[in-house]
Structure formats: C-alpha cells, structure tokens
Amino acid sequence: MPNREARNAVDLDDLYRDVILDHYRQPRNRGALESASIAAEGFNPSCGDEIQLSILLEDETVSALRFGGSGCSISQSSASMLTEALAGRSLADARELSGHVQDMLTDDGFDLDQVDLGDLEALSGVARFPVRIKCGLLAWKVLDQALARAAGEEPREYDDIPTRITSN
Ligand code: ZN
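A brief look at the structure comes next. (Residues numbered from 1 in each chain as written. Predicted model: local features only at pLDDT ≥ 70, side-chain atom pairs only at ≥ 80, totals over all residues. Heavy atoms only, no water.)

1. So, the overall build of the protein chain
For the protein chain, the helix and strand inventory stands at five helices and four strands. Its C-alpha atoms give the protein chain a radius of gyration of 15 Å, near enough to 15 Å, the size a compact globule of 168 residues would have. Each of the 168 residues in the protein chain was classed as buried or not, and the buried ones make up 45%. By sequence separation, contacts in the protein chain at least 24 residues apart represent 61% of the contacts at least 6 residues apart. Roughly 8,400 Å² of accessible area belongs to the protein chain as shown, and the carbon and sulfur atoms make up 46% of that amount. (Helix = DSSP H or I, 4+ residues; strand = E, 2+ residues; numbered from the N terminus. Rg over C-alpha atoms; globule rule 2.2 N^0.38 Å. Buried < 20%, exposed > 50% of the residue type's maximum accessible area, 1.4 Å probe, protein only. Contact = heavy atoms within 4.5 Å. Areas by Shrake-Rupley, 256 points an atom, 1.4 Å probe, with all protein chains shown as cover.)

2. Here we look at the coordination of the zinc ion
For the zinc ion, the protein coordination sphere consists of Cys47 (SG), Asp49 (OD), Asp49 (OD), Cys72 (SG) and Cys135 (SG), at 2.1 to 2.7 Å. Relative accessible area serves as the criterion here: at 15%, cysteine 72 is assigned to the buried category. The class of cysteine 135 is buried, set by a relative accessible area of 0%. (Donors = N, O, S within 2.8 Å, 3.2 Å for Na, K, Ca; no water.)

3. Brief notes about the environment of methionine 81
Along the chain, the position of methionine 81 falls in helix H3 (residues 73-86). On a C-alpha basis, the gap between methionine 81 and aspartate 103 in space is 16 Å, while along the polypeptide they are 22 residues apart. For methionine 81, the residues in contact, after removing those within four places along its chain, are Val19, Ile20, His23, Asp119, Leu120, Ala122 and Leu123.

4. Looking at the nonpolar core
In terms of nonpolar packing, the biggest core is built from 44 residues, with Leu86, Leu120, Leu123 and Trp140 touching the most fellow members. Contributions of two or more residues to this core are made by helix H2 (10-25), strand E1 (38-44), strand E2 (49-58), strand E3 (61-70), H3, helix H4 (91-106) and helix H5 (133-150). Among the elements that line this core, the one with the most residues is H5, at 10 residues. Among residues more than four places away in sequence, those in contact with tryptophan 140 are Ser78, Leu82, Leu86, Ser98, Val101, Gln102, Leu120 and Leu123. (Core = buried A, V, L, I, M, F, W, Y, C linked by side-chain atoms within 4.5 Å.)

Below you can see the structure in the form of structure tokens.
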C-alpha cells in the first residue's frame, strides 16, 4: 500500500501545482449569485484570505455556486475547485465530499485511494505545509456553514477560521 510520501512523488507535485495555478489564474464560477438560496463568508486570519460563497439550492441539490474573495493562490484555487466539484451534487453528497477534502488536508491517516476526489486531489499536497492548511480549508469551512444552515442545523464553529452566514 503506497503511503502518503510515495504518492506525493515529484511528478505528482508538479501536476498538483499545475491544477492549483490553473484555478488561480482562471478561476471558475467567480462572482455572486443574485438568486442565491444561501450565502456565507469566512476569513483566514493567519494568511488574510477571504472567501464568500453563494449557493443556489433546488430540490436538495446544489444547482449553482459562485465564489468571491481575495487571498493567496491556495485559498482562491481551493474555492474555485470547490465550486466546480459541487455543482449538481445533492446536499448530502456535497457534505460528504467536503468532509473528505477536509480530512485529506488535516488527517495524516487519510487514504487518497479510498475516495475519488478528482481534481480536488491537487489540494492533498497542501497537507504537507501546515501554515497553508487553513488556506486550503477556508472555502470548505464556509461551505460547511452554509450547508449546515440549509439543513436547518446549528453550524459548528471553527475558531481558527471565523465564518458567518450573510444571507438566507
Ligand atoms: Zn492563504
């Protein structure tokens, strides 16, 4: 079974960097949805990154998303990848995917072979740079806040990355 070290061989690092840079230079779904069902924002104090997410929900499905904000390449690319990966997913599916991505960024025992994260795997390299992990997590924490509210739950607060609902 290849461990994390083996999977992050040099050629994969290059691939990952390309995906992240591509999303940074050509962000997907940038902007805001006027007809959003729910909108949330978050801030990563350790790097100064800001992300706003607006989400249109239809029939328990994430039908459209837009993101805005500013900050480092990891934070903005992570948000861009999020919007691309989540469109068309059910609420439950979206929350599961968010959990996997956050585990990938924070859990040493996470096994990339167990789930298919597509391009989101590009973010796995971020896990090896502790000071950048929150940059990668930011958009997903904002998403969690929004989807918890959409599901009628009390959102779980994450002290290191303050998030809040801005409209719903
Ligand atoms: Zn950052």
